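The chain contents come next:
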Amino acid sequence: MFDIAWSTIKNRKGGFIAAFIAVFCGSAVVAACGVLLMSGLLSGVSPERYAGAAVMIGGKQSKDVTQNFDQHYAERVTLPASLAAEAAKVPGVRAAVGDRTVAMSIAGPRGHTLDLGHPLYGHGWESAALGPFSLTEGSGPRGDQDAVLDAALARKAGVKVGDTVRLAVGTTGASYRVTGLTAAKSGLDRQSAVFLTDARAAQLSQRPDRVTAIGVLAEPGTDAGKLADRLQKALAGSPEPVSVYTGTDIGDLEFLDMGQSRGFLVALSASFGGTALVVVVFVVSSTLGLAVHQRRRELAMLRAIAASPRQIHSLIGSEILLVATVAAVLGAGPGFLIAGTLRDAFAAVGVLPGDFALSYNPAPAVAAVVLSVVGARLAGFIAAFRTARIQPVVALRESQTEPPKLGRVRLNAGRILIVLGLAAAVGLPMAIPGQLAMAGAAGSLLILMFGCALIGPQLVKLVTGLLAPLLRRFRVSGYLAAANTSANSRRLSAAVVPLALGAAMALMQLSTLSTVEAAAKHQAATGVVADYVLTSDATGLSPELAGTVRALPGVGTAGPVARSQVMLTYREIDKMATRPFSAQGVDPRGIGRTLDLDVRKGSLDGLTGDTVALSWMAADTAGLGVGDLADVNLGDGVEKKLKVVAVYGNGLGFGDVTLPHDLLTAHTTDRLDAALLVTAAGAGDRERVGTALTGLAQHTPTLRVQRPDEFAAVQQGQFAQQSWTNLIANSLLLLYVLIAVVNTLVMATTARSREFAMLRLIGTSRRQTRRMMCVESWVVVITAIVAGVFIAVPPTVGSSLAMTGRPLPHVDPAVWAGVAAFVALLGWASIALSTRSALRGRPIDAVYTGD
């Protein structure tokens, strides 16, 4: 059977080339998703400050989630300083050194904060041994105002040993005398380092009883892996869970963004990879279905000469296995390049570190090949099912003309899927609140797509019937186009479906993004009611700044705002789920004069102690109301049962979780504020307050005075990153769909060379044939746009309901018109160019050589 299949492939290259392209590109997409997934599980970065430690001990930075991926905490999980003494007792340990890491900023020669391009951290001098750092000049710090700088930092700041340098933690600055310069054995690429006395580092960290991590220096000849096992056992009884790191895993402890990035990639690639696989199978099925449809005369002849259904399936299956295997193997390689491009795009928008290295191993390629081949084989079986099962006489008749009607099973299946898609798109957001509604609305697009694909021929006939009066204006060409579209609706449907899918994906993605962006921008702009906003251009605002501002003349209210991320654990249908939510910490005193969160239930006046306010989205997702207890993991993983005191509407603009300021900051890494909202005591005091704040900023490191509208724009940074992330990921799928569109349209048109030749031989001119195809292309384009809009509107409405509570999405007419124009141009150009190619040569030759 493989010999016959190979002979068929060599003599029918057109259809198999199209199938090859579909599987090739699909394998590349699946392989790219696999590389991202494996990178999320395996990738890492080499340690820098901890490169000299055999073993590092840190807090457990993730929450174990049953039946799902672990969630990473947004803030540093610290350790009791006393734990270093316990670690030092373990056999094989030469020394156990506690490290305190304090985010700092440094002033340049002109007094302005230097932009180093990476963080600057202060540490105790004892932890320099973990680098190991060695003095290149001068001596170590002896007093609280002494500092040792890494040599590269000193060059950027323009200082040398004996000079005075200005360092700041938040907006609190101090002068230090540079007593020495140092350099790490492995160098510092992702950070700069300042070393202070251990007492001064403990004071600046605000937690003298806690350390960032504990570095273990091993006795000579001690195996790091065995030592790590002994330390893990020895510290198992610690009241707080600890994690032990060796080798490159130490980089995850040193750089929190790496662990968070890996968690991000795992979650993204898992969800995106599933969607991509469904789209790939859908596109491959559509392409193979068209390829089998174009061979219906040949397959009917085989049935007429006694070929059994099993033999037809075996023949088509063998052909597909040959083509799909080669295409999948060749396509897996480019998938690694695509993964690198995606990594670069994610880094450009700030959701991945620029130096995040992908993990390349054969597993994604093997998985891509297996999934692509299995998917193609399944698609081929479905495509050949009807041709292999019908009676030979019926097969011969249908090889000349298409069946006048679709089968009852196919029609009913299509209608059921459309109803289910509409229910998932609009019904779920109305019946099931929160994140599940969003997932249902997003997934409904594929359900609607499958439904429209099943009834596609009827859509083509419907649009053709509506356009019939317009088609008649083209006389011969219009008559031929109308007759062709009506008689060959199945063939045209195979071209319409991928074009409609591309239009629907683009319309839904762009409309959903614009809807949420518009809502978030409006909430942030109207929610900030303060007169002025103080922010920092470095690490954040010191907590004591609020008291300083409140003492300024004319100031009525000064409310600090801290930012972090927390996790809510709740029951989702039949299992427990944990999701991260953006959080802010506010002081409820006078909050009405600084922020308007659009409180809908309860009151923010009670936001003190162990309490929380939730956005309506978070409350609906977790099934919580005013008076309920929320199961919350704060930024550093500490679990709390918090009483819900309010539910508010402006979650998109300010975060889904609002906590008391002191509660949130106590569980952040640096305990700094993101902003300070200032309102004058009266309208006549605004100018005086503005002048006073400007003067304060001139003498306070890193402090900036902003207008409320400027701050509202900055608020969108986190959401913008999420939006760009979704857009980048879906752009890959959209690109694949567009390639499939061109592939399918060219395949469908070039396969009609024999039909064009017959028309030419009975008197139709070349120009009339081209005009006929031009008219047909517009039927295809209009049908695809209509179907695409029909598919895109319900999920877009459902997403708007789920995220904003309003059924009307924010629709930009220019965007929708642009998508429609692009779809029209793509469809028309693909058909027009392939028609010109099919019309080359003599008609008589095409009659005897064409299908």
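See above for the structure.
Cut-offs applied
- Residues numbered from 1 in each chain as written.
- Predicted model: local features only at pLDDT ≥ 70, side-chain atom pairs only at ≥ 80, totals over all residues.
- Heavy atoms only, no water.
- Helix = DSSP H or I, 4+ residues; strand = E, 2+ residues; numbered from the N terminus.
- Areas by Shrake-Rupley, 256 points an atom, 1.4 Å probe, with all protein chains shown as cover.
- Buried < 20%, exposed > 50% of the residue type's maximum accessible area, 1.4 Å probe, protein only.
- Contact = heavy atoms within 4.5 Å.
- Patch = residues over 30% accessible without salt bridge, like charges linked within 9 Å, V, L, I, M, F, W, Y side chains within 5 Å.
- Salt bridge = Lys/Arg side-chain N within 4 Å of Asp/Glu carboxyl O.
- Phe/Tyr/Trp six-rings, centres within 6.5 Å; stacked < 30°, edge-to-face > 60°.
- Expected span 1.5 Å × (residues − 1).
- Arc of directions from axis to C-beta.
- Pairing = 2+ DSSP bridges.
- Axes fitted to C-alpha atoms, helices over the stretch in contact; angles between N-to-C directions.

1. What to know about the overall build of the protein chain
Turning to step 1, where the next piece is worked out: A tally of regular secondary structure across the protein chain gives 28 helices and 25 strands.
Turning to step 2, where the next piece is worked out: When the accessible surface of the protein chain is split by element, carbon and sulfur atoms take 59% of a total near 36100 Å².

2. Re the side chain of Q509
Turning to step 1, where the next piece is worked out: Tracing the backbone shows Q509 in helix α17 (residues 489-527).
Turning to step 2, where the next piece is worked out: The class for Q509 is buried, based on a relative accessible area of 16%.
Turning to step 3, where the next piece is worked out: Not counting residues within four places of it along the chain, the set of residues in contact with Q509 comprises N726, L727 and N730.

3. Some remarks on a nonpolar patch on the surface
Turning to step 1, where the next piece is worked out: On the surface, a nonpolar cluster with roughly 460 Å² of combined accessible area is contributed by W778, I782, V786, L825 and W828.
Turning to step 2, where the next piece is worked out: Mapped by element, the contributors of at least two residues to the nonpolar patch are α26 (766-804) and α27 (813-838).
Turning to step 3, where the next piece is worked out: Among the elements that make up the nonpolar patch, the one with the highest residue count is α26 (three residues).
Turning to step 4, where the next piece is worked out: Here W778 falls in the partly exposed class, since its relative accessible area comes to 38%.

4. Focus on the packing of aromatic side chains
Turning to step 1, where the next piece is worked out: Summed over the entire model, instances satisfying the criterion amount to five aromatic pairs.
Turning to step 2, where the next piece is worked out: Ring geometry for W125 and F195: centres 5.7 Å apart, planes at 80 degrees, overall edge-to-face. In this pair, W125 sits in the loop between β7 (120-124) and β8 (133-138) while F195 sits in strand β12 (residues 192-196), placing the two residues 70 residues apart along the sequence.
Turning to step 3, where the next piece is worked out: For W125, a relative accessible area of 26% gives the class partly exposed.
Turning to step 4, where the next piece is worked out: On the basis of relative accessibility, which here comes to 1%, the residue F195 falls in the buried class.
Turning to step 5, where the next piece is worked out: With a centroid separation of 5.8 Å and 35 degrees between ring planes, the pair formed by F336 and Y360 is classed as tilted.

5. Some thoughts on helix α22 (residues 686-699)
Turning to step 1, where the next piece is worked out: For α22, which comprises 14 residues, the first-to-last C-alpha distance of 20 Å matches the rise-based estimate of 20 Å (1.5 Å per residue) to within 8%.
Turning to step 2, where the next piece is worked out: For α22, the set of buried residues is V689, G690, L693, L696 and A697. Across the axial projection of α22, the buried residues extend over an arc of 125 degrees, all falling on one side. Exposed positions of α22 whose direction lies more than 90 degrees from the buried face are E687, T691, Q698 and H699.

6. Comments concerning the environment of G602
Turning to step 1, where the next piece is worked out: Structurally, the position occupied by G602 is in strand β19 (residues 599-602).
Turning to step 2, where the next piece is worked out: In this structure G602 touches V626, V645 and A646, once residues within four positions along its chain are discounted.

7. Notes on the sheet that holds strand β14 (residues 213-218)
Turning to step 1, where the next piece is worked out: Ordered by their spatial adjacency, four strands build an open sheet running β5-β14-β1-β15, and the pairing between neighbours is antiparallel. Each edge of the open sheet carries a strand with a single partner, namely β5 (93-99) and β15 (242-245). Sheet twist, expressed as the mean angle between neighbouring strand axes with direction ignored, is 20 degrees.
Turning to step 2, where the next piece is worked out: The pairing of strand β1 (residues 55-59) with β14 spans three bridges and is classified as antiparallel. Following the sheet pairing, I57 is matched in β14 by I214.
Turning to step 3, where the next piece is worked out: Packed on one face of the sheet, helix α6 (residues 224-234) meets β1, β5, β14 and β15 and runs near 35 degrees to β1.

8. Considering the environment of G274
Turning to step 1, where the next piece is worked out: Counting through the fold element by element, G274 comes out in helix α8 (residues 256-294).
Turning to step 2, where the next piece is worked out: Remark: the alpha-carbon pair of G274 and C33, spanning 241 residues in sequence, is separated by 9.1 Å.

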